[in-house]
Amino acid sequence: MTRQMLERQANLAMHLEPSVAGLRKYRGVLGPVDSRTVRRIAFLVPPGAAEILIKLSYDPFVEDAGRGPDTPGFRKRWEREIQRYRATIGKWGGTEVLQHYERFLEEACDCMGPMRNLLNLAVLDSAGRFRGRWDSACHFDQWVSVGKTCSDPGFAAGPIPSGEWSILLECHAVVTDACTYQLEIGWRTSEGRWYRGELHAHTTHSDGALSPRGLLEAATQAGLDFIAVTDHNTITALDLASREPTVGSAGLPMVIPGLELTTFYGHAVALGVREYVSWHEAKLDGGMSTLASTVHEMGGLFVIAHPFSPGYPVCAGCQWEYENTDMSTVDLMEVWSGPWQRGILWNVPAVRWWEAELAQGRRITGVAARDVHQRQELFKPGTADTCVWARSLTVDAILEGLKSGRVFMTSGPHVRFSLTTAGSPGTYMPGDEAWAPWGESVELSVSVHAEGLAGSALVRIIRGRSGRRAEALFSAEADTSGADLVFTDVPPDRSWYRCELTTAEGHLLAISNPIYVERGDLSS
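Cut-offs used in this document
Residues numbered from 1 in each chain as written. Predicted model: local features only at pLDDT ≥ 70, side-chain atom pairs only at ≥ 80, totals over all residues. Heavy atoms only, no water. Disulfide = S-S within 2.5 Å. Salt bridge = Lys/Arg side-chain N within 4 Å of Asp/Glu carboxyl O. Helix = DSSP H or I, 4+ residues; strand = E, 2+ residues; numbered from the N terminus. Buried < 20%, exposed > 50% of the residue type's maximum accessible area, 1.4 Å probe, protein only. Pairing = 2+ DSSP bridges. Axes fitted to C-alpha atoms, helices over the stretch in contact; angles between N-to-C directions. Contact = heavy atoms within 4.5 Å.

Overview of the state of the cysteines
Evaluation of the coordinates by the stated rule reveals one disulfide. One disulfide bridge connects Cys-315 with Cys-318, the sulfur atoms lying 1.8 Å from each other.

Digging into the pattern of salt bridges
Taken as a whole, this structure holds 25 salt bridges when the rule is applied. In this structure, Glu-184 engages Lys-25 in a salt bridge whose closest nitrogen and oxygen atoms are separated by 4.0 Å. Residue Glu-184 is found in strand β8 (residues 179–188), and its partner Lys-25 is found in strand β1 (residues 21–30); the two are separated by 159 residues along the sequence. Of the residues examined, Lys-25 reaches a relative accessible area of 52% and is grouped as exposed.

Regarding the pairing of strand β16 (residues 385–390)
A large share of β16 lies buried, amounting to six of its six residues. Here β16 shows no split at all, with Asp-385, Cys-387 and Trp-389 on one side and Thr-386, Val-388 and Ala-390 on the other all buried. Summarising the sheet, strand β9 (residues 193–198) and β16 pair through five bridges and their orientation is antiparallel. By the bridge assignment for β16, Arg-193 is matched with Ala-390. Judged from the four bridges that link them, β16 and strand β17 (residues 407–410) form a sheet pairing that is antiparallel. By the bridge assignment, Cys-387 is partnered in β17 with Phe-408.

Topic: the sheet that holds strand β4 (residues 118–124)
Judged by pairing direction, the sheet is antiparallel, and its four strands sit side by side in the order β2-β7-β4-β5 without closing on themselves. Only two strands of the sheet have a single neighbouring strand rather than two, namely β2 (37–45) and β5 (130–134). Direction aside, neighbouring strands of the sheet carry axes that sit 20 degrees apart on average. Of the strand pairs in this sheet, β2 and strand β7 (residues 163–173) are connected by nine bridges, and their pairing is antiparallel. Residue pairing in the sheet places Ile-41 in a bridge with Ile-167 of β7.

What to know about helix α7 (residues 287–297)
Where α7 is concerned, the buried positions are Gly-287, Met-288, Ser-289, Leu-291, Ala-292 and Val-295. Against β11 (254–262), β12 (267–271) and β13 (301–304) lie the buried residues of α7. Gly-299 sits one or two positions beyond α7 and adopts a positive phi of about 85 degrees.

Looking at the environment of Cys-387
As for its position among the elements, Cys-387 is in strand β16. You can call Cys-387 buried: its relative accessible area is 3%. Residues Cys-387 and Met-409 lie 22 residues apart in sequence; the distance between their C-alpha atoms is 6.0 Å. Once residues lying within four places of it in the same chain are set aside, the contact partners of Cys-387 are Trp-194, Tyr-195, Arg-196, Arg-406, Val-407, Phe-408 and Thr-410.

Comments concerning unusual backbone geometry
The amide bond that connects Asp-59 to the next residue, Pro-60, takes the cis arrangement and shows omega of 0 degrees. For Pro-60, the location among the structural elements is in the loop between β3 (51–59) and α2 (71–77). The omega torsion across Tyr-312 and Pro-313 is 0 degrees, close enough to zero to call that bond cis. In this structure, Pro-313 sits in the loop between β13 and β14 (332–337). Of note, the phi angle at His-306 is positive, near 25 degrees, even though the residue is not glycine. As for its placement among the helices and strands, His-306 is situated in the loop between β13 and β14. Not every positive phi belongs to a glycine, and Arg-494 is a case in point at roughly 50 degrees. Owing to a relative accessible area of 48%, Arg-494 belongs among the partly exposed residues under this scheme.

As for the sheet that holds strand β18 (residues 414–421)
Taken in spatial order, the three strands make up an open sheet running β18-β20-β23, and their pairing is antiparallel. In this open sheet, the two strands that pair with only one neighbour each are β18 and β23 (483–489). Direction aside, the axes of adjacent strands within the sheet are offset by 15 degrees on average.

Following this line, the structure appears as structure tokens:
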């Protein structure tokens with residue numbers, strides 16, 4: 001199994017249930033009499049589904065260890081099958097071949113390991129089309145995906161029609177007295193998975209210490225799926241970085257092309273651009289808005305970088321001084337820059353500015369960025385990855401996920417934040433806009449898992465609304481070994497929610513982007 005498949009399956013296994021909709025669990029018990037039979041299990045897929053998720057497990061996987069090597073026991077248990085096969089060999093192979101079979105049978109009984117149960121399944125969509133086959137050898141107890149644009153190996157991508165789909169549970173062999181199976185089926189309205197990356201990094205083509213290749217190798221060691229190469233006012237490293245083998249071959253992360261527009265009065269990262277952007281005419285009286293428009297014309301995203309870093313003369317141009325920037329041209333803002341503890345001086349103001357823009361109705365995506373110049377900065381405690389929900393690991397899909405706000409930032413813990421309403425089917429994730437009837441409540445779910453972090457952490461739900469300052473609505477302790485929390489609120493109109501995970505001392509561990517809520521009447 002490839003590294004990408006293992007990573008995808010690990011991601012789905014850990015993060016599926018908080019964001020899957022319509023989860024159904026089917027359980028049954030099979031016996032030897034069910035061998036060589038097929039069971040049909042039907043399930044409904046609603047309109048708007050973009051991805052079907054399936055997981056099958058069964059127990060026991062093999063028969064009791066003592067039965068296989070025990071020759072008399074094996075003979076007695078499988079005498080009918082032994083005689084059937086002997087007759088077949090005798091009919092078609094003759095006496096000489098039959099003698100070879102007898103010797104084979106003795107050897108096989110002496111060394112035979114435990115016999116195993118074998119269940120597989122086939123998937124048919126509502127039009128009766130074959131959509132793939134689940135194979136026990138590579139899919140056992142793992143989530144598999146059937147999606148619009150991409151599917152796991154063994155399954156066909158394509159439209160997800162609504163209606164009654166079918167699972168054909170293939171009972172190839174049940175060798176134990178009882179075999180219990182569990183089948184889980186769900187769907188998502190948005191196809192994809194979470195990818196981890198770094199959005200701000202430099203090479204030796206500006207003031208970084210790493211070559212393009214060295215930067216990609218360090219990012220691989222940090223476990224990143226993608227990294228943006230954003231040298232100061234130059235794009236010369238991009239051809240070298242893009243020529244390096246990518247995830248599909250050498251295991252290096254995908255490169256997002258870009259550059260850091262390093263002006264006298266503020267820095268901005270242009271993501272998704274491969275051409276040089278002239279910045280010399282950027283003035284305090286609106287020059288950055290012009291540069292943002294240029295980046296958009298190139299198909300890129302415009303990111304305000306470390307807006308509250310110390311500026312001139314400590315770090316000339318590092319502080320954002322373009323107070324008259326047209327914020328409608330800003331796509332992303334770095335709200336977690338470098339280690340949170342050391343950078344709290346500039347990170348807290350960045351989060352508050354971000355929330356103030358959200359209160360004005362501007363859906364700017366908050367992101368983390370290390371501003372990597374040296375290898376060790378990728379591994380520094382307190383820094384955060386930017387995790388993006390995308391339909392695939394491509395530049396266009398990651399940029400789309402960033403723009404839509406399907407993003408959370410984390411220094412390590414796995415945090416999943418979702419919302420459900422009475423007015424709409426499905427589950428909403430950060431970046432989504434949910435609709436809720438007037439007077440109805442919404443459920444806010446937070447799932448936390450933090451490997452290597454002892455004790456508990458604090459989960460906070462932040463609520464914002466149009467024209468109002470954001471407020472901490474709920475807080476609760478969460479066991480870092482694994483916790484699922486649910487909060488209920490009746491939201492005001494044009495509101496949003498995000499979640500944070502902090503240590504007991506208040507140091508930020510993870511932060512999500514908002515889920516937006518609009519109110520309305522059931523008849524509308």
